[in-house]
Amino acid sequence: MAAAEPKPRAGAAAARRLARGCWSAFWDYETPKVIVVKNRRLGVVYRAVQLFILLYFVWYVFIVQKSYQDSETGPESSVITKVKGITYSERKVWDVEEYVKPPEGGSVFSIITRTEVTPSQTLGTCPESMRVSNASCDTDEDCVAGQLDMLGNGLRTGRCVPYYQGSAKTCEVSGWCPVEDGASVSQFLGKMAPNFTILIKNSIHYPKFQFSKGNIEHRKDGYLKRCTFDEASDLYCPIFKLGFIVERAGENFTELAHTGGVIGVIINWDCDLDLSASKCNPKYSFRRLDPKHVPASSGYNFRFAKYYKVNGSATRTLIKAYGIRIDVIVHGQAGKFSLIPTIINLATALTSIGVGSFLCDWILLTFMNKTKVYSHKKFDKMADTPQQNEGPELCACEPSRQDSTLTDPRGLAQL
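Residues numbered from 1 in each chain as written. Predicted model: local features only at pLDDT ≥ 70, side-chain atom pairs only at ≥ 80, totals over all residues. Heavy atoms only, no water.

## Description of unusual backbone geometry
So, step 1. Proline 102 follows lysine 101 through a cis peptide bond whose omega is -15°.
So, step 2. You can see proline 102 is positioned in the loop between strand 5 (100–101) and strand 6 (108–127).
So, step 3. With an omega of -5°, the peptide bond running from cysteine 177 to proline 178 counts as cis.
So, step 4. With a phi angle near 50°, lysine 66 is a residue other than glycine that sits in the positive phi range.
So, step 5. Take lysine 66: it is sitting in the loop between helix 2 (40–64) and strand 1 (69–73).
So, step 6. At serine 120, a residue that is not glycine, the phi angle is positive and equals roughly 55°.
So, step 7. Note that serine 120 resides in strand 6. (Helix = DSSP H or I, 4+ residues; strand = E, 2+ residues; numbered from the N terminus.)

Put into structure tokens, the structure is as follows:
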């Protein structure tokens, strides 16, 4: 009689179940359970939230912001400027070499429109300006010899002397004499200045996309010699009249010419490189940059001097110039289709649609009349019950269905 085969040990069976449970965690596919709640108001809220999110991503993110594109901001840029024109004042005729500072033709330059000239200054002694604080005096005791005022015009000698006009007295200084307000002559250059022409030559380059373009049309028929800028018909003729720039900035030319000011010429290169290069065009805008409505710092002026010798003595002409400073500012952004930002934004859009489910679940489980009924239907409550004679505990990767019992959800028939 054959011997009876030994029964497999309980431990081996438990081990096999353990292995199957752990491997199923890697190979099995899990999907969430869907519950349909027949509530019209909640359904309207759910669809409205989904529609709003969908419209936001389709219209704003993809159409307006063009988030499907890879972008680059701040193009590499070069600016060359050239001013032409002639004007006159009460005393002389002025050409470009005299009224444009600096003359190199960079992106920032000034056009002088009014001057206060103090001619024939020499090194010597003279009364200090009345504009300097503590410059007024009655006797020599009011002036300290050797004192140097950082806002003054020279080193004080210790003498109190009559001022240039009237009966007032100021402390005497050693420096370039006479001081500016003692003998300055004002000249206005703004009569013909509105007709000055300014050529602004600009070229940009987006290195990420290897795209370059300039703001001048490539023609060989002398086009630039006879054109001026017009946004509709002559966009690629960047020759602007000074009066046109000031007017487009919303300023009065005569007032600005007397006090001076800073005008910004902004060139914007926003380019969609998914389109042809002809669709990438410069857009010009003009505005005043200095604080016009702050009396303490409004206007624009600077000083410079012209030096020469008279009878072997150093002499200079001091010029306080008021003018219109032009700042050419170039900025822009280029974009081109790229798969990576497209995938990222599509994934973000699909994920965001789930906000509607989160919001409606919150309303469903918080504010509805049958919140307990919905909670029992949405969540399956599991209670662990140990089995006897099962040997070692099963893998925690996936609890066995024999190790737990499903509680009976209450009130499901009421849904």
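The structure having been displayed, the exposition proceeds.
## Describing the confidence of the model for the protein chain
So, step 1. For the protein chain, per-residue confidence averages 84 on the pLDDT scale, and residues scoring 70 or more make up 84% of the total.
So, step 2. Between residues 388–415, whose pLDDT stays under 50, and residues either more than four places distant or in other chains, the model counts 42 contacts. (pLDDT = per-residue confidence, 0-100. Contact = heavy atoms within 4.5 Å.)

## Some details on the nonpolar core
So, step 1. Formed by 49 residues in total, the largest nonpolar core has its most connected members in Tyr99, Leu242 and Ile326.
So, step 2. Setting aside residues up to four positions removed in sequence, leucine 242 forms contacts with Ile111, Ala193, Pro194, Phe196, Ile198, Phe253, Ile324 and Ile326. (Core = buried A, V, L, I, M, F, W, Y, C linked by side-chain atoms within 4.5 Å. Buried < 20%, exposed > 50% of the residue type's maximum accessible area, 1.4 Å probe, protein only.)

## Considerations on helix 7 (residues 339–353)
Each turn of an α-helix holds 3.6 residues, which means side chains three or four residues apart point in the same direction.
So, step 1. A rise of 1.5 Å per residue sets the reference length of helix 7, with its 15 residues, at 21 Å; its end C-alpha atoms lie 21 Å apart and thus fit the reference within 8%.
So, step 2. Among the structural elements, helix 2, strand 1, strand 16 (313–337) and helix 8 (355–366) are those in contact with the buried residues of helix 7. (Expected span 1.5 Å × (residues − 1).)

## Focus on the state of the cysteines
So, step 1. A full pass over the atoms with the stated rule returns five disulfides.
So, step 2. Across a sulfur-sulfur distance of 1.9 Å, cysteine 227 and cysteine 237 are joined as a disulfide pair. Disulfide cysteine 227-cysteine 237: the torsion about the S-S bond is 90°, which places it as right-handed. Of this pair, cysteine 227 sits in the loop between strand 11 (211–214) and strand 12 (239–241) while cysteine 237 sits in the loop between strand 11 and strand 12; the two residues are ten residues apart in sequence, bridging distant segments of the chain. Residue cysteine 227 shares its accessibility class with cysteine 237, and that shared class is buried. (Disulfide = S-S within 2.5 Å.)

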